Amino acid sequence: QAKGNGRGRAIRFIPAMAERAHSRHRIEQALRLALQKHDITLMYQPQRHIQSGHLVGVEALARWFDPQLGQVSPALFVEVAEETGLIHELGLQVLQQACQYLADWKVDMTLSVNISPVQLGNPAIVAQIHDTLMQYDVPPHRLELEITENVLLGDSQGALEKLQQLRDMGVKIALDDFGTGYSSLAYLRRFPFDKIKIDRSFVREIVNEPSARTIVGAIIDMARALDMDVVAEGVENTESLHILRELGCDIAQGFHIFPPMTAQEFSRTLVRPVLSRTDRNS
Ligand code: C2E
Ligand code: MG
Ligand code: MG
Ligand code: MG
C-alpha cells in the first residue's frame, strides 16, 4: 500500500513508543520557541457564587496554538513542560500575564492561576511570585494559586513551607481536582487551604448517581467544618447546579456557568452579566 512512498512508510512503521517520544520531542522544541516568542495566551473562566449569583473569581487557563501542531491541549504541554523543566518559564509567563490582567481590572475578584508541583521545587518560586505581584502592583489577596494533590508527593515538607510562605504573604491557596488523588483527605490535615475544588468527575455524576451526590455533600460539609470554601468544577447543566445549591456548595465553575473565554470576552461579560448562560437557562 505504501510502496514507493518512502516518507509515508517511515512514519507508518515507527513503533508507538518511539513515535510518542518523537512527537514529545517536537512538542518540546515548539514549546521552547513559543516561550521565546511569548506565544502562550490565557483564557479566563468565571466562577459564580451560587447563592448570590455574583461572579467572585476567575481561573486563568493556558492556551497554545502552534502553526504546525495546531491547538495543543494544556494537559499535554504542561506535562511536557514539567518533564523538560520548561514549566518554570511557562509558569512565570502565565503569572505575569495574569498579574498584568489583574492590574488592569477595576472589579473585586480573585484570579486563580494553576501552578505545577514542579514549580514548587524551584527555591526562588516564592520570591518570584512576590516580585511579580509587586511589579504589577497587585494586592496578594487577589491572587489564588491552584495546586493539585500530588504537590505533596515529592519533597512535601519543602512544598508545604513554600505554600505557607505564600499564604503568609496573603496569596490564597486552593486544592485543585479534589478527590482524584490517592490520599485526598490526608492533605486537608496538612495544610489550611483556602479553597477546595471538587473534581469534575464527581460533579458530573451527581445528577444520576446518588452515591456521587452523597460524596459531594460530604466534601462540602467537611470543607465547611474546616472553614474552607468549596468550588464545584465542571458544572455542565442546570440540574447539577440545583443539586449543588441544595447541598450548600459555595461556588460553581463549568460550561453551564461560563466557558473559558478570552480576556476581551470576559471583560464584556463583566459589563453585561445579564447575558450569562445561567441567567438565560434557568
Ligand atoms: P484544571 O485546573 O482542573 O482546569 C479545569 C479544566 O476543566 C480546564 O481544562 C477547563 O477548560 C475544563 N472545564 C471547565 N469547565 C468544564 C466543564 O463544564 N466540563 C468539562 N468537561 N471541562 C470543563 P483545560 O483548560 O484543558 O486545562 C486542563 C488542565 O491543564 C487544568 O486542569 C490544569 O491542571 C492544567 N493547566 C491549564 N493551564 C495551566 C497553567 O497555566 N499552568 C499549569 N501548571 N497547569 C495548567
Ligand atoms: Mg485549576
Ligand atoms: Mg481542576
Ligand atoms: Mg485538572
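Please refer to the structure placed before this passage.
Values in this document were obtained by computation on a predicted structure and should not be read as measured data.

**Re the layout of surface pockets**
Its volume calculated, the largest pocket comes out at about 1,100 Å³. Elements that contribute at least two residues to the lining of the largest pocket include exactly strand S2 (55-66), helix H3 (74-84), helix H4 (87-104), strand S4 (110-114), strand S5 (143-148) and strand S6 (172-178). Counted by class, the lining of the largest pocket contains 14 nonpolar, 10 polar and 12 charged residues. For the lining of the second largest pocket, the per-class residue count stands at three nonpolar, two polar and seven charged.

**Observations concerning the packing of aromatic side chains**
Per the stated rule, a full pass over the model turns up five aromatic pairs. Arranged with centres 4.5 Å apart and planes meeting at 35 degrees, the rings of Tyr 44 and Tyr 101 form a pair that is tilted. In this pair, Tyr 44 is assigned in strand S1 (residues 41-49) and Tyr 101 in helix H4, connecting sequence segments 57 residues apart. Given a relative accessible area of 3%, Tyr 44 falls into the buried group. Its relative accessible area of 9% is what places Tyr 101 among the buried residues. By the ring-pair criterion, three or more aromatic residues cluster together here, those being Tyr 44, Tyr 101 and Phe 266.

**Side note on empty space enclosed by the protein**
Within this structure, the stated rule accounts for one cavity of 30 Å³ or more. Gly 91, Leu 92, Leu 95, Val 113, Ile 115, Gln 119, Ile 125, Gln 128 and Ile 129 together form the lining of the largest cavity. Residues that form the lining of the largest cavity fall into these classes: six nonpolar, three polar and no charged.

**Notes on the coordination of the magnesium ion (ligand 2)**
Every protein donor of the magnesium ion (ligand 2) is accounted for by Glu 59 (OE), Asn 114 (OD1), Glu 146 (OE) and Asp 176 (OD), and the metal-donor separations fall at 2.0 to 2.2 Å. Site description for the magnesium ion (ligand 2): donor spacing in sequence, E-x54-N-x31-E-x29-D. For the pair the magnesium ion (ligand 2) and the magnesium ion (ligand 3), the metal-to-metal distance amounts to 4.0 Å, and Asp 176 bridges them. Residue Glu 59 is found in strand S2, and its partner Asp 176 is found in strand S6; the two are separated by 117 residues along the sequence. Overall, the relative accessible area of 5% leaves Glu 59 in the buried class. Asp 176 gets classed as buried once you look at its relative accessible area, which sits at 5%.

**Let's talk about the pairing of S1**
Pairing analysis gives eight bridges linking S1 to S2, with the strands arranged antiparallel. Paired with Pro 46 across the bridge in S2 is Val 58. Connecting S1 to the next strand, S2, in antiparallel fashion are five residues, including Gly 53 with a positive phi near 80 degrees. Here S1 runs beside strand S9 (residues 251-252); their pairing, made up of two bridges, is antiparallel. Within S9, the residue paired with Arg 48 across the bridge is Ala 252.

**Digging into unusual backbone geometry**
The backbone of Asp 137 shows a phi angle near 60 degrees, a positive value even though the residue is not glycine. Assessed through its relative accessible area of 68%, Asp 137 is described here as exposed. The backbone phi angle of Asp 227 is positive, close to 65 degrees, even though this residue is not glycine. Tracing the backbone through its elements, the reader meets Asp 227 in the loop between helix H9 (210-225) and strand S8 (229-232). The exposed category is assigned to Asp 227, whose relative accessible area is 69%.

How each quantity is defined
- Residues numbered from 1 in each chain as written.
- Chains lettered and ligands numbered in written order.
- Predicted model: local features only at pLDDT ≥ 70, side-chain atom pairs only at ≥ 80, totals over all residues.
- Heavy atoms only, no water.
- 1 Å grid on protein atoms, 1.4 Å probe; cavity = no way out; pocket = protein on both sides within 12 Å on 5 of 7 lines; lining within 4 Å.
- Points joined across faces, edges and corners; volume = space filled by probe spheres on them.
- Helix = DSSP H or I, 4+ residues; strand = E, 2+ residues; numbered from the N terminus.
- Nonpolar A, V, L, I, M, F, W, Y, C, P; charged D, E, K, R; others polar.
- Phe/Tyr/Trp six-rings, centres within 6.5 Å; stacked < 30°, edge-to-face > 60°.
- Buried < 20%, exposed > 50% of the residue type's maximum accessible area, 1.4 Å probe, protein only.
- Donors = N, O, S within 2.8 Å, 3.2 Å for Na, K, Ca; no water.
- Pairing = 2+ DSSP bridges.

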